[in-house]
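A structural walkthrough
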Amino acid sequence: MKRHHPALFAVATSLALWAASPATAATLNVGLSEDTDTLDPDQGRTFGGRQMFAALCDKLFDLDETAGIVGQLVTDWTVSDDGLTITLKLRPDVMFHDGTPFNAEAVKFNIERSLTLEESARKGDIRAIESVDAVDELTAQLNLSEPFAPLLAQLADRAGMMVSPTAVAAVDTNTFANAPVCAGPFKFKERVVQDHVTVEAFADYWDKDNIHFDEIIYRPMSDATVRLNNLLSGQLDIIEGVSTSDLDRLKDEPKISLADITGLGHVHIQFNVAGKNEVVANEKIRQAIDAAIDRNIVNQVVYGGNFVAGNQPVAPTSPFYAKSHPVVAGDAEKAKALVAESGIDSPSFTMIVNNEPAFVRAGQVIQSMLADVGIEVTLQTVDGPTALSIMQSDQFEAALSTWSGRADPDANAYTYLGCEGGQNFGKYCNDKTEAALSQAAKVSDVAERNALYTEAADQWMVDLPVIYVYHHKRFFGLDPNLDGFTPIPDGIMRVKGMTSAE
């Protein structure tokens, strides 16, 4: 057996105010760009939900500030030489919010639930796990059907979040999804959809000495200006998604501190290639859309050049980027020729766009670029959870959406391009793409994995079920009295260690 502490790779690092009293040290008020869809880690798909889960649900593993894998509920782990067995040593004296002890049986229950729950969105994340053994009270063994390099990175996110087996057994799935019971530093108190989620400190948390707030109130505010104004007025203590258009004027603003980190995710257009709309199902039209979009112009016009133009699931700086397929400028003439080759007259489709203003502007810029080559796009602006609902229905044609990213490239690529990908709402499935991505997940050598991702790109960049446009840089705004915040490349705000001087 070999001790395995992998760091998979390092990542470079008005409007009306909400009416409330200014925050005290006992309450941390957090402004989010979107609400959560659900509070069940197995069912969750939104970035807003992941922000809330950071306080509610501890995980087997976590990420450090370089996107390296570190233990959270796991204190140590070993991987067998053949890569088929991973043995986890668990943290002692950990309790779920309902008093149920956290142990190896709880790990077994959670992994099996992620793999078998009908509503689970985690099945693809941990697809290589064949079974779980509770070796003893604090030792769990994961048995894999094949080597799976991304597994620990997946267990550092929702797939690794532990919920109480007792609480799950006591209620139906929908009830649990609205009042989860986990093992994090805060426990669920209440939720008002599209208004707030409140969590309160858990007195028996295993690391309670590093928790310095009595409660956290998460407030979804899709408009970056609203979030910023609430921060400046003292109604919020920390916000994510500071608009790039506000960065220059905030540099000397005494009422706010800024923090940033280069993210792991991507913004993309996903098409329902298996759906009823013949336009988005047409390969030539998708190739025309790809040719028409000038990614550098989108980045410059909407984000002042602060983001990273990209055309693949990972950024051009990643060791897993297929360099044989670089980002190129838009080519309107090529796009027009491809539209003509498609055989479709006056192509049109509807594209879902998250209602966050900067995101809508990105959609409008793309809409204009496509109009210039004869493709009409109707933008349907909705909130994040509604977008997900539409994308899971037969009404879905195309969506400009975001993936917050994971430390391992598999979760950024297979999730959308794999036949069983958890976010593959367009039902794309190509044998060549599937084989290359699946093999890439089995090896750990960077050069070998890169060659396989390039092989996959050779196919999917012809098929183009997903068109990648750019990669985020994440900007946070903080009250100057708030200390101890460390930005992490996944963009999730960890509350542990954060304090207020007020």
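Keep in mind the model is a prediction, meaning the values are calculated, not measured.

Definitions and limits used
Residues numbered from 1 in each chain as written. Predicted model: local features only at pLDDT ≥ 70, side-chain atom pairs only at ≥ 80, totals over all residues. Heavy atoms only, no water. Disulfide = S-S within 2.5 Å. Helix = DSSP H or I, 4+ residues; strand = E, 2+ residues; numbered from the N terminus. Buried < 20%, exposed > 50% of the residue type's maximum accessible area, 1.4 Å probe, protein only. Pairing = 2+ DSSP bridges. Contact = heavy atoms within 4.5 Å. Axes fitted to C-alpha atoms, helices over the stretch in contact; angles between N-to-C directions. Phe/Tyr/Trp six-rings, centres within 6.5 Å; stacked < 30°, edge-to-face > 60°. Core = buried A, V, L, I, M, F, W, Y, C linked by side-chain atoms within 4.5 Å. 1 Å grid on protein atoms, 1.4 Å probe; cavity = no way out; pocket = protein on both sides within 12 Å on 5 of 7 lines; lining within 4 Å. Points joined across faces, edges and corners; volume = space filled by probe spheres on them. Nonpolar A, V, L, I, M, F, W, Y, C, P; charged D, E, K, R; others polar. Parallel < 35°, antiparallel > 145°, perpendicular 65-115°, else oblique. Left-handed = near helix turned anticlockwise from the far one by under 90°.

Summed over all chains, the structure comprises two disulfides. One disulfide in the model links Cys-57 with Cys-182; its S-S distance is 2.1 Å. What sets the handedness of the Cys-57 and Cys-182 disulfide is the S-S torsion sign, and at about 45° it is right-handed. Taken as a pair, Cys-57 in the loop between helix 1 (47–56) and strand 3 (61–63) and Cys-182 in the loop between helix 5 (173–178) and strand 9 (186–192) lie far apart in primary sequence, 125 residues in all.

Take unusual backbone geometry next. At Asp-93, a residue that is not glycine, the phi angle is positive and equals roughly 60°. Locating Asp-93 in the fold gives a position in the loop between strand 6 (85–90) and helix 2 (104–116). For Asp-93, a relative accessible area of 72% puts it in the exposed group. Even without being glycine, Leu-464 reaches a positive phi, approximately 50°. Its place among the elements puts Leu-464 in the loop between helix 15 (446–463) and strand 19 (466–471).

This part is about the sheet that holds strand 16 (residues 348–354). Overall, mixed pairing links the six strands, which are arranged 15-19-14-18-16-17 in an open sheet. A strand with exactly one partner marks an edge of an open sheet, and here the two such strands are strand 15 (308–309) and strand 17 (376–382). When strand 16 meets strand 18 (residues 398–403), the two strands line up parallel, connected through three bridges. Its bridge partner lying in strand 18, Met-351 is registered against Ala-398. Against the sheet, helix 12 (residues 384–391) engages strand 14 (266–271), strand 16, strand 17 and strand 18, with an angle of about 125° to strand 17.

Another aspect to go through is the packing of aromatic side chains. One pass over the full model with this rule turns up 11 aromatic pairs. The interplanar angle of 75° and the centroid separation of 6.2 Å between the aromatic rings of Phe-271 and Phe-349 together place this pair among those described as edge-to-face. Taken together, the residues Phe-271 in strand 14 and Phe-349 in strand 16 connect sequence positions 78 residues apart. Across the pair, exposure class does not vary: Phe-271 and Phe-349 are buried alike. Ring geometry for Tyr-303 and Tyr-470: centres 5.0 Å apart, planes at 55°, overall tilted. In this pair, Tyr-303 is assigned in helix 9 (residues 295–303) and Tyr-470 in strand 19, connecting sequence segments 167 residues apart. Tyr-470 gets classed as buried once you look at its relative accessible area, which sits at 1%.

Pairing in this open sheet of seven strands is mixed, and the strands run 9-10-11-2-12-20-13 from one edge to the other. Both edges of this open sheet fall to strand 9 and strand 13 (257–262), since each of them pairs with a single strand only. With direction set aside, neighbouring strand axes in the sheet form an average angle of 20°. Direction of pairing for strand 12 (residues 238–240) relative to strand 20 (residues 473–478): antiparallel, over a ladder of three bridges. Opposite Glu-240, over in strand 20, you have Phe-476 as the bridge partner. Contacts from helix 6 (residues 224–232) reach strand 2 (27–32), strand 12 and strand 20 within the one sheet, and its direction differs from that of strand 12 by about 165°.

A word on the nonpolar core. In terms of nonpolar packing, the biggest core is built from 73 residues, with Ile-269, Val-298 and Phe-349 touching the most fellow members. Not counting chain neighbours up to four residues away, the residues in contact with Phe-349 comprise Phe-271, Asn-277, Val-279, Val-280, Ile-289, Leu-370, Ile-375, Glu-376, Val-377, Thr-378, Glu-397 and Ala-398. Residues Val-74, Leu-90, Phe-148 and Leu-151 belong to the second largest nonpolar core, which totals 39 residues.

Here the largest cavity is characterised by a volume of approximately 720 Å³. What lines the largest cavity is a set of 46 residues, and nearest its centre among them are Ser-33, Asn-354, Phe-359, Thr-402 and His-472. The dominant element in the lining of the largest cavity, judged by the number of residues it contributes, is strand 18, at five residues. Partitioned by chemical class, the residues of the lining of the largest cavity number 20 nonpolar, 15 polar and 11 charged. Lining the second largest cavity are Gln-312, Pro-313, Val-314, Phe-320, Tyr-321, Pro-409, Ala-413, Leu-437, Tyr-453, Ala-457 and Trp-460. Mapped onto the lining of the second largest cavity, the elements with two or more residues apiece are helix 13 (409–417) and helix 15.

Turning our attention to the packing of helix 13 against helix 14 (residues 431–440). Running from N to C, helix 13 and helix 14 point in directions that differ by 155°, and their axes come no closer than 11 Å. Considered as vectors, helix 13 and helix 14 are oriented roughly antiparallel to each other. Crossing geometry of helix 13 relative to helix 14 is assigned as left-handed. When helix 13 is examined against helix 14, the residues Asp-410, Ala-413, Tyr-414 and Leu-417 are found in contact with a partner set consisting of Thr-433, Glu-434, Leu-437 and Ser-438.

A few words on the pairing of strand 2. In terms of burial, strand 2 is a largely internal element, six of the six residues being buried. Going residue by residue along strand 2, you find Thr-27, Asn-29 and Gly-31 tucked away on one face and Leu-28, Val-30 and Leu-32 tucked away on the opposite face as well. Inspection of the sheet shows strand 2 paired to strand 11 (residues 215–220) by six bridges, in the parallel sense. Bridge pairing in strand 11 links Val-30 to Tyr-218.

Summarising the element assignment, Tyr-468 is placed in strand 19. Separated by 200 residues in sequence, Tyr-468 and His-268 place their C-alpha atoms 4.2 Å apart.

On to the packing of helix 8 (residues 283–292) against helix 10 (residues 332–342). One can describe the packing of helix 8 onto helix 10 by two numbers: an axis separation of 8 Å at closest approach and a directional angle of 170°. Classified by the angle between their axes, helix 8 and helix 10 sit roughly antiparallel to one another. Of helix 10, the residues touching helix 8 (which contributes Lys-284, Ile-285, Gln-287, Ala-288, Ala-291 and Ala-292) are Lys-334, Ala-335, Leu-338, Val-339, Glu-341 and Ser-342. Grouping the amino acids of the contact of helix 8 with helix 10 by side-chain chemistry returns seven nonpolar, two polar and three charged.

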